[in-house]
Amino acid sequence: MIPEEAKLLRSAQLKTPSDLGAEATRDLSGALNFHWHVSGPHFRDYHVMLDEQADQIFAMTDTVAERVRKLGGGTVRSIGHIAKLQRVLDNDADYVSPLDMLAELREDNQRLAARLRDAHGVCDERGDVATASLLEVWIDETEKRVWYLFEASRRGDAPGR
């Protein structure tokens, strides 16, 4: 691990009980992928919901790539290429409150729904009913994610208006 990575990981360590020690925690964290950094009394509920949503988005990503290839188009080739095309902003904060995280994810999904609708318009113009059909399912799934994120982030006694 390079020294800068070690410093970043050390500053982000939590006080979660573990018998592995600080160095093992640092090294293991560096070896594993990023995962939702949510905590608090609703941790499990948020974790399960976000895992389900991540699975949806991952499945959508693979189908998008396959559809683009079927049409004869090129797909993204590398992490660098993804970075050049990135539309969702990174959040590198050491800590984001659960409600702020849910709000940020909700807004990201709202923007995704708008982009999917724009793509549907292109499909309509070009007569691509197969891609339009996929987009309709993804728009519905994205709207459901927005709804779940909204409901999960509001206070229990507040009306959903």
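What comes next is a walk through the structure. (Residues numbered from 1 in each chain as written. Predicted model: local features only at pLDDT ≥ 70, side-chain atom pairs only at ≥ 80, totals over all residues. Heavy atoms only, no water.)

**Let's talk about helix α6 (residues 129–153)**
Piece 1. Given a rise of 1.5 Å per residue, 25 residues ought to cover 36 Å, and the 36 Å separating the end C-alpha atoms of α6 matches this to within 8%.
Piece 2. Within the sequence span of α6, burial applies to Thr131, Ala132, Leu135, Trp138, Ile139, Thr142, Arg145, Val146, Leu149 and Ser153.
Piece 3. Buried residues in α6 make contact with α3 (43–70) and α5 (98–126).
Piece 4. Between the side-chain oxygen at the start of α6 and the backbone nitrogen of Ala130 there is a gap of 3.4 Å, and the oxygen is on Asp128. (Helix = DSSP H or I, 4+ residues; strand = E, 2+ residues; numbered from the N terminus. Expected span 1.5 Å × (residues − 1). Buried < 20%, exposed > 50% of the residue type's maximum accessible area, 1.4 Å probe, protein only. Contact = heavy atoms within 4.5 Å. Polar contact = N/O pair within 3.5 Å; in protein donor to acceptor, adjacent residues only side chain to side chain.)

**Concerning the pattern of salt bridges**
Piece 1. Tallied over the full model, the rule gives 4 salt bridges.
Piece 2. Residue Asp128 pairs with Arg67 through a salt bridge whose shortest N-O separation is 2.9 Å. With a gap of 61 residues between them, Asp128 in the loop between α5 and α6 and Arg67 in helix α3 connect regions that are remote in the sequence. No difference in accessibility class separates Asp128 from Arg67, as the two residues are buried.
Piece 3. Residue Arg111 pairs with Asp108 through a salt bridge whose shortest N-O separation is 2.6 Å. On the criterion of helical spacing, the pair formed by Arg111 and Asp108 is a turn pair, its members being 3 residues apart in helix α5. (Salt bridge = Lys/Arg side-chain N within 4 Å of Asp/Glu carboxyl O.)

**Considering the packing of aromatic side chains**
Piece 1. In the structure shown here, the tally under the stated rule is 1 aromatic pair.
Piece 2. For the pair Trp147 and Tyr148, a centre-to-centre distance of 5.3 Å together with 75° between the ring planes defines the contact as edge-to-face.
Piece 3. Tyr148 gets classed as partly exposed once you look at its relative accessible area, which sits at 35%. (Phe/Tyr/Trp six-rings, centres within 6.5 Å; stacked < 30°, edge-to-face > 60°.)

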